[in-house]
Amino acid sequence: MTTSLKLRFLILISFIAFVSLGLPDGLLGIAWPFISDKLDIPLENLGVLLMFFVAGYLSSSMTSSKIMSWISLGWLLAFSCFLTGVSLFGFALSNQWIFLIFSAYFLGSGGGAIDTSLNIFASANFSPSVVNWLHAFYGIGATSGPLILTWFFTMGQTWKSGYYFVGSIQISLGILFILSSKMWLVKEKTKEINQEKISYRLTLQKPLVWLSILIFFVYTGLEVCVGQWTFTILTKSRSIAEESAGLWVSTFWGSLTLGRILFGFILKKISTVQVLHLAMFGIIIGSGAFLVDVSNTMSFLGIFLIGFSCAPVFPSMIALVPGLFGEKFAANIIGFQISAAMIGGAILPAVSGFLTDPFGWEVIPISFFFQAILLALSYYFLIKKLKIKHRNYSPGF
């Protein structure tokens with residue numbers, strides 16, 4: 001196999017792997033009410049489950065580079081896929097809350113290892129444009145998850161069938177990683193980059209670094225809140241049929257994916273900061289439309305606008321880091337941002353869920369709106385301060 005053909009093959013597998021990363025996230029938002037009924041646990045316990053998922057994710061993502069010094073990348077990816085596959089089967093088979101928690105933790109562990117190790121490989125071997133599309137494929141997976149469950153519902157099957165199906169995909173992907181294990185070799189330059197480290201203390205002495213960390217905390221919390229709670233809000237509070245609610249959730253993930261694809265082209269014509277200005281405005285308008293719920297059509301468009309406007313935020317903010325803070329700080333800052341994103345993705349949905357006990361389900365759309373406001377204010381303040389310090393940074397300003 002020629003080098004060019006080999007690279008294209010690895011890119012294809014990487015795209016499939018990122019689809020598989022998104023599938024479980026898309027499943028849980030639809031399946032959770034049924035899991036809650038099955039185990040006789042409160043719906044707001046979804047926040048607890050997400051915390052264990054993120055704990056597993058962080059435990060593996062922070063140690064993936066060390067693990068890769070012990071075993072090859074191909075085998076790490078294979079083992080991680082097997083772990084996520086078994087964990088998804090665990091979701092379907094669990095009859096007790098404690099087993100579901102363990103399944104969530106190991107699902108996060110497998111996903112974190114796949115995400116981090118593939119990003120390490122991609123940064124050393126793929127072009128920036130390919131890396132951008134790579135993250136778009138996560139959205140394809142998240143979009144497909146609700147569609148898969150909705151399809152099983154229409155076939156008279158339960159949510160468990162969707163988990164068995166996606167779990168089988170993960171295990172099959174693990175076999176594919178084993179068969180291609182010799183191709184997954186990390187370039188030496190990645191090792192050199194990892195050896196050149198700036199202390200965390202020096203990085204965190206920059207006050208605006210903390211603000212950028214907050215942006216990722218709030219953004220990912222909002223994205224996960226919308227993805228995981230919308231189905232429950234629609235079915236429990238707004239009397240939307242399960243099949244229609246599932247399509248609404250797919251619309252959110254689908255608009256996120258569509259936006260990432262389209263903004264990849266738009267960013268060639270418009271500066272990153274201009275795109276992010278529009279994105280923040282769109283998130284506020286979309287969350288406001290879903291909150292006021294004037295009509296089903298308006299709420300549906302609000303969900304679409306939230307997803308589409310969220311699309312460029314995460315990758316574009318990552319892309320701005322080297323120019324705004326300096327190349328030598330970039331690795332540490334991006335690491336902090338991604339960690340904050342995972343924590344925000346657990347804490348903010350959990351807080352939103354716990355608020356439903358005293359205030360009812362409609363408190364969650366209110367939380368969407370206030371998170372959108374906080375996200376925009378944090379972003380605008382960061383840009384205002386950094387614009388003064390980086391007048392000549394043409395990509396952003």
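Engineer: Any chance you could explain the overall build of the protein here in plain terms?
Structural biologist: In terms of helices and strands, the protein carries 16 helices and zero strands. Classification of the 397 residues of the protein by burial places 54% in the buried group. Look at the contacts in the protein between residues 6 or more apart in sequence, and 84% of them connect residues 24 or more apart. Roughly 17500 Å² of accessible area belongs to the protein as shown, and the carbon and sulfur atoms make up 68% of that amount.

Engineer: Even after reading the chapter, I still don't get a nonpolar patch on the surface, so can you show me in this structure?
Structural biologist: On the surface, Met51, Phe52, Ile343, Ile347, Val351, Leu355 and Phe359 cluster together into a nonpolar patch covering about 570 Å² of accessible area. Looking at the nonpolar patch, the elements with two or more residues in it are α2 (46–61) and α15 (327–359). Among the elements that line the nonpolar patch, the one with the most residues is α15, at five residues. Its location among the elements puts Val351 in helix α15. Taking the relative accessible area as the measure of exposure, Val351 reaches 39% and is therefore partly exposed.

Engineer: For this particular structure, what's the right way to read the pattern of salt bridges?
Structural biologist: Opposite charge on two side chains permits them to pair, given that their charged atoms come into close proximity. This model, assessed by the stated rule, comprises two salt bridges. Here Arg238 makes a salt bridge to Asp293, at a shortest N to O gap of 3.5 Å. Placement of Arg238 in the loop between α10 (207–236) and α11 (242–266) and of Asp293 in the loop between α12 (272–292) and α13 (296–310) is noted, with a sequence separation of 55 residues between them. The exposure class of Arg238 is buried, given its relative accessible area of 11%. On the accessibility criterion, Asp293 (27% relative accessible area) is partly exposed. Linking Arg238 and Glu362 is a salt bridge whose minimum nitrogen-to-oxygen distance equals 2.8 Å. Placement of Arg238 in the loop between α10 and α11 and of Glu362 in the loop between α15 and α16 (363–389) is noted, with a sequence separation of 124 residues between them. Ionic contacts of the salt-bridge type, sharing partners, join the residues Arg238, Asp293 and Glu362 into one network.

Engineer: Teacher, can you tell me more about the confidence of the model for the protein here?
Structural biologist: Caution applies to low-pLDDT parts of the model: their predicted coordinates are not meant to be read in detail. Taken residue by residue, the protein gives an average pLDDT of 82. The fraction at 70 or more is 86%. Between residues 188–196, whose pLDDT stays under 50, and residues either more than four places distant or in other chains, the model counts four contacts. Per-residue pLDDT stays below 50 along residues 388–397; that stretch engages in 16 contacts with residues further than four places along the chain or on separate chains.

Engineer: Can you help me understand the nonpolar core in this one?
Structural biologist: Nonpolar side chains in soluble globular proteins tend to end up buried together. Counting 112 residues, the largest nonpolar core has Ile35 and Tyr163 as its most contacted members. Contact partners of Tyr163, with chain neighbours within four places excluded, come to Leu27, Leu28, Ala31, Ile35, Leu88, Phe91 and Ala92.

Engineer: Can you walk me through the side chain of Thr150 in this structure?
Structural biologist: In this structure, Thr150 sits in helix α6 (residues 128–154). A relative accessible area of 8% places Thr150 in the buried class. Beyond its immediate stretch of four places on either side in the chain, Thr150 contacts Glu243 and Gly246.

Engineer: What's the story with α12 in this structure? I'm lost.
Structural biologist: Two residues of an α-helix separated by three or four positions point the same way, owing to the 3.6 residues in each turn. For α12, which comprises 21 residues, the first-to-last C-alpha distance of 31 Å matches the rise-based estimate of 30 Å (1.5 Å per residue) to within 8%. Directly beyond the C-terminal end of α12, a positive phi value near 50° is found at Asp293.

Engineer: Quick question: what am I supposed to make of the side chain of Ser255 here?
Structural biologist: Turning to its location among the elements, Ser255 is positioned in helix α11. A polar side-chain atom of Ser255 sits 3.2 Å from the main-chain carbonyl oxygen of Phe304. Ser255 has contacts with Ile303, Phe304, Gly307 and Phe308, leaving out every residue within four places of it along the chain.

How each quantity is defined
- Residues numbered from 1 in each chain as written.
- Predicted model: local features only at pLDDT ≥ 70, side-chain atom pairs only at ≥ 80, totals over all residues.
- Heavy atoms only, no water.
- Helix = DSSP H or I, 4+ residues; strand = E, 2+ residues; numbered from the N terminus.
- Buried < 20%, exposed > 50% of the residue type's maximum accessible area, 1.4 Å probe, protein only.
- Contact = heavy atoms within 4.5 Å.
- Areas by Shrake-Rupley, 256 points an atom, 1.4 Å probe, with all protein chains shown as cover.
- Patch = residues over 30% accessible without salt bridge, like charges linked within 9 Å, V, L, I, M, F, W, Y side chains within 5 Å.
- Salt bridge = Lys/Arg side-chain N within 4 Å of Asp/Glu carboxyl O.
- pLDDT = per-residue confidence, 0-100.
- Core = buried A, V, L, I, M, F, W, Y, C linked by side-chain atoms within 4.5 Å.
- Expected span 1.5 Å × (residues − 1).
- Polar contact = N/O pair within 3.5 Å; in protein donor to acceptor, adjacent residues only side chain to side chain.

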